[in-house]
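So you can see what is in the structure, the chains are spelled out below.
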Amino acid sequence: MNIMLFHSTYGLGPAVRAAADRLRAAGHEVWTPDLFEGRTFDTVEEGMAYREELGKEELLKRAVLAAAPYSDRGLVYAGFSLGASVAQTLALGDGRARGLLLLHGTSDLAPNAQADELPVQLHVAEPDPFETDDWLSAWYLQMGRAGADVEIHRYPGAGHLYTDPESPDYDAEAAEATWRVALGFLDSLG
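All figures in this text were calculated on a predicted structure; none of them were measured in a lab.

1. Structural notes on the overall build of the protein chain
Regarding its fold elements, the protein chain presents six helices and six strands. Listing every helix and strand of the protein chain by position from the N terminus yields β-α-β-α-α-β-α-β-β-α-β-α. Taking 16 Å as the expected radius of gyration for a compact globule of 190 residues, we find that the protein chain reaches 15 Å, a close match to that expectation. Looking at the protein chain as a whole, 53% of its 190 residues qualify as buried. Once local pairs closer than 6 in sequence are excluded, the contacts in the protein chain between residues at least 24 apart make up 63%. For the protein chain, the exposed surface amounts to about 8,900 Å²; the carbon and sulfur share of it is 49%. Taking the 14 positively charged and 30 negatively charged side chains of the protein chain as two groups, their mean positions are separated by 6 Å.

Put into structure tokens, the structure is as follows:
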């Protein structure tokens with residue numbers, strides 16, 4: 001698979017590069033655009049402040065420009081937290097998208113969003129302060145109405161960014177379970 005992997009609010013750091021290497025080792029081609037142009041942050045608050053300064057439109061513009069040269073290959077869009085929301089937006093706007101892998105995050109859907117049987121897999125902590133039960137229920141229903149084929153995997157007791165070894169949320173067991181399921185999902189798209 002051709003995978004466009006977007007970073008979290010921490011920026012393009014070691015965890016994203018390690019995830020890309022893991023995906024490459026499984027036989028996938030992976031791109032990791034740097035939407036923050038080299039900036040990385042030590043806290044969610046610092047990263048979100050920069051994201052606010054940058055603006056949603058600029059962030060999405062950078063993501064679209066990064067994905068555009070490869071979209072004709074039929075990309076799987078993937079991302080961590082903030083990057084998952086970016087991946088979701090791009091996947092729903094790309095009729096050639098092959099799949100959507102969301103790690104730790106989702107995004108609003110436009111009322112007229114169409115997913116046309118797009119395979120979607122979400123991995124999220126339970127509970128997750130950024131992805132509440134009510135939010136996830138509404139998101140799941142909206143994705144279904146849009147035509148997506150959605151799977152949600154919850155990880156009780158894990159912190160929000162539990163796949164990131166650099167994060168205080170890291171949970172090795174939940175992370176390994178996530179990667180095992182996610183790699184199976186990606187293999188199913190081939």
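2. Remarks on the sheet that holds strand S4 (residues 99-103)
Within a sheet, adjacent strands bond to each other through the backbone by hydrogen bonds, running parallel or antiparallel. Strand order in this open sheet of six strands is S2-S1-S3-S4-S5-S6, and the pairing throughout is parallel. Strand pairing shows two members of the sheet lacking a second neighbour, strand S2 (29-31) and strand S6 (149-156), which therefore form its edges. Pairwise comparison of adjacent strand axes, ignoring direction, gives a mean angle of 15 degrees for this sheet. Strand direction decides the pairing type here: S4 and strand S5 (residues 119-126), joined by four bridges, are parallel. By the bridge assignment, Leu101 is partnered in S5 with Gln121. Against the sheet, helix H6 (residues 172-189) touches strand S1 (2-6), strand S3 (75-80), S4, S5 and S6, its axis set at about 175 degrees to S5.

What counts as what
- Residues numbered from 1 in each chain as written.
- Predicted model: local features only at pLDDT ≥ 70, side-chain atom pairs only at ≥ 80, totals over all residues.
- Heavy atoms only, no water.
- Helix = DSSP H or I, 4+ residues; strand = E, 2+ residues; numbered from the N terminus.
- Rg over C-alpha atoms; globule rule 2.2 N^0.38 Å.
- Buried < 20%, exposed > 50% of the residue type's maximum accessible area, 1.4 Å probe, protein only.
- Contact = heavy atoms within 4.5 Å.
- Areas by Shrake-Rupley, 256 points an atom, 1.4 Å probe, with all protein chains shown as cover.
- Lys, Arg positive; Asp, Glu negative; His and termini not counted.
- Charge placed at Lys NZ, Arg CZ, Asp CG, Glu CD.
- Pairing = 2+ DSSP bridges.
- Axes fitted to C-alpha atoms, helices over the stretch in contact; angles between N-to-C directions.

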